[in-house]
Amino acid sequence: MSAHAGHPPRRRQRSILPWLAAPALVLFLGFAVVPLLGVFALSFTTWDGIGAIHPSGLTSWRAVLTDPGLPHALWVTFMVMAVSWAVQTPASILLGTFLAGRQRYRAVLGVVYFVPLMLSSAAIAIAYKALLDPNFGLGAGLKLPLLSQDWLGRPGLAFGVVVFVVSWQFVPFHSLIYQGGVQQIPKSLYEAAQMDGAGRIRQFFSITLPQLRYTIITSSTLMVVGSLTFFDLIFVLTEGGPGDATRVLALDMYKRGFQASLMGPASVIAVILVLVGLALALLLRRLGGRDAGASRLEGA
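Residues numbered from 1 in each chain as written. Predicted model: local features only at pLDDT ≥ 70, side-chain atom pairs only at ≥ 80, totals over all residues. Heavy atoms only, no water.

### Regarding the packing of helix H4 (residues 69-99) against helix H8 (residues 155-183)
At a minimum axis distance of 6 Å, the contact between H4 and H8 shows a crossing angle of 40°. Regarding the angle of H4 to H8, the classification is oblique. Judged by the sense of rotation from one axis to the other, the crossing of H4 with H8 is right-handed. Among the residues making up the contact of H4 with H8, the classes are represented as 16 nonpolar, 10 polar and no charged. (Axes fitted to C-alpha atoms, helices over the stretch in contact; angles between N-to-C directions. Helix = DSSP H or I, 4+ residues; strand = E, 2+ residues; numbered from the N terminus. Parallel < 35°, antiparallel > 145°, perpendicular 65-115°, else oblique. Left-handed = near helix turned anticlockwise from the far one by under 90°. Nonpolar A, V, L, I, M, F, W, Y, C, P; charged D, E, K, R; others polar.)

See the structure below:
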C-alpha cells in the first residue's frame, strides 16, 4: 500500500517539470533561435542596413565563399583559437590546482587573479595599447629596448600580443573551473599515493590530470567556442592589422556589415561562425561522451 502511495506525487512532479522549463525555453527561442533564423534569412538578401531589404538568392554566399580573404580570416581565427587554447589550458590547470589548496593566502590570491575577468575587454585593450606604445609606453618610460618594439605594427608581434591579452583576461575564469574540479577529487586518492611514496609531481600527473579530463573537455569547449567571438578586444587593440594579420572572422563580419554596409555578406559570415562553433562544440562533446560512457561501463 505504501509502495503505491508514492507514485501519484512522482507523476505530478513529472507533469510539472515541463512547465518549469517553459520560461527558459521561451527566452531561448526569443533571444537565440529567432535572431539566428533572422540572420540566416538576411544572408539571402541585399541590404545596406538602412533602406529596403531585397532578396538576392545566393549572391551574398557566392561573394563571401569566393572572396580570397575568407580563407585567411578562417586561418587567423583558428590560429588564435589553437594558440590561445595551448597557452590558457596549462596555465589554468596549474593555477586552478594551486588555488585548490586550503591555505588562506591562496584564497586571497584567487580573488586577485580573478580581477582581469571583471574588466571590460575594450578597457583592457586600451590599457595594453598604451603600455605597448613604442614611443610613450612602458618600454620608453623604463628605457628598456626590449619593451620598446613596435608590438602592434609587426604581424608576428601583433598576433602574439592578441593571444597574450586574451589569455591574460580569460585564464582566471578557467582557473576557477579547474579549481572546482580539483576540489572534487577524493582525498583518499592522494592519501593512498602518499602511502606509496608518490611525490607531488607524480600525484599531479597520475591523479590530478586524469581526474580532470572531463573538466578539461568542458573548459576547452568554452575556450574554443568563445574564441570565435573575439571582436571588441582585437578591434580596439589592432583593428585587424597590421594588414590582415589579426583579422578574425568576427572582425571581418563587423567590417563588412557596419563599415561597408554589406549586411548580406556579414550575415553569411555570422552563419559560418555559428556552424563552425556548433561543429566544434559537438565534436568536443562527442569526445567527452565516449570517455564518460566507457568509464560508466568500467564502473559497472
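### With respect to the side chain of Arg256
Take Arg256: it is sitting in helix H13 (residues 249-259). Relative accessible area serves as the criterion here: at 12%, Arg256 is assigned to the buried category. Beyond its immediate stretch of four places on either side in the chain, Arg256 contacts Val64, Asp67, Ser261, Leu262, Pro265, Ala266 and Ile269. (Buried < 20%, exposed > 50% of the residue type's maximum accessible area, 1.4 Å probe, protein only. Contact = heavy atoms within 4.5 Å.)

### Points about H13
Listed as buried for H13 are Leu249, Ala250, Leu251, Asp252, Lys255, Arg256 and Gly257. Remark: Ser261 follows H13 within two positions and exhibits a positive phi of approximately 55°.

### With respect to the pattern of salt bridges
Applying the stated criterion to the full structure yields 4 salt bridges. In this structure, Arg247 engages Asp252 in a salt bridge whose closest nitrogen and oxygen atoms are separated by 2.7 Å. The exposure class of Arg247 is partly exposed, given its relative accessible area of 22%. The partner of Arg256 in a salt bridge is Asp252, with the nearest N and O atoms 3.3 Å apart. You can see Arg256 and its partner Asp252 sitting in helix H13, 4 residues apart, about one turn around the helix. Of the two residues, Arg256 and Asp252, neither departs from the other in class, the shared state being buried. What you see here is one network of salt bridges that share partners, running through Asp67, Asp244, Arg247, Asp252 and Arg256. (Salt bridge = Lys/Arg side-chain N within 4 Å of Asp/Glu carboxyl O.)

### As for the layout of surface pockets
The computed volume of the largest pocket comes to approximately 620 Å³. Mapped onto the lining of the largest pocket, the elements with two or more residues apiece are H4, H8, helix H9 (187-195) and helix H10 (200-211). In terms of residue count, H10 provides more of the lining of the largest pocket than any other element does, 4 residues in total. Of the residues assigned to the lining of the largest pocket, the class counts are 6 nonpolar, 7 polar and 4 charged. Considered as a void within the structure, the second largest pocket measures approximately 360 Å³ in volume. Secondary-structure elements contributing two or more residues to the lining of the second largest pocket are helix H2 (7-42), H13 and helix H14 (263-299). Looking at which element gives the most residues to the lining of the second largest pocket, the answer is H14, with 8 residues. For the lining of the second largest pocket, the per-class residue count stands at 14 nonpolar, 3 polar and no charged. (1 Å grid on protein atoms, 1.4 Å probe; cavity = no way out; pocket = protein on both sides within 12 Å on 5 of 7 lines; lining within 4 Å. Points joined across faces, edges and corners; volume = space filled by probe spheres on them.)

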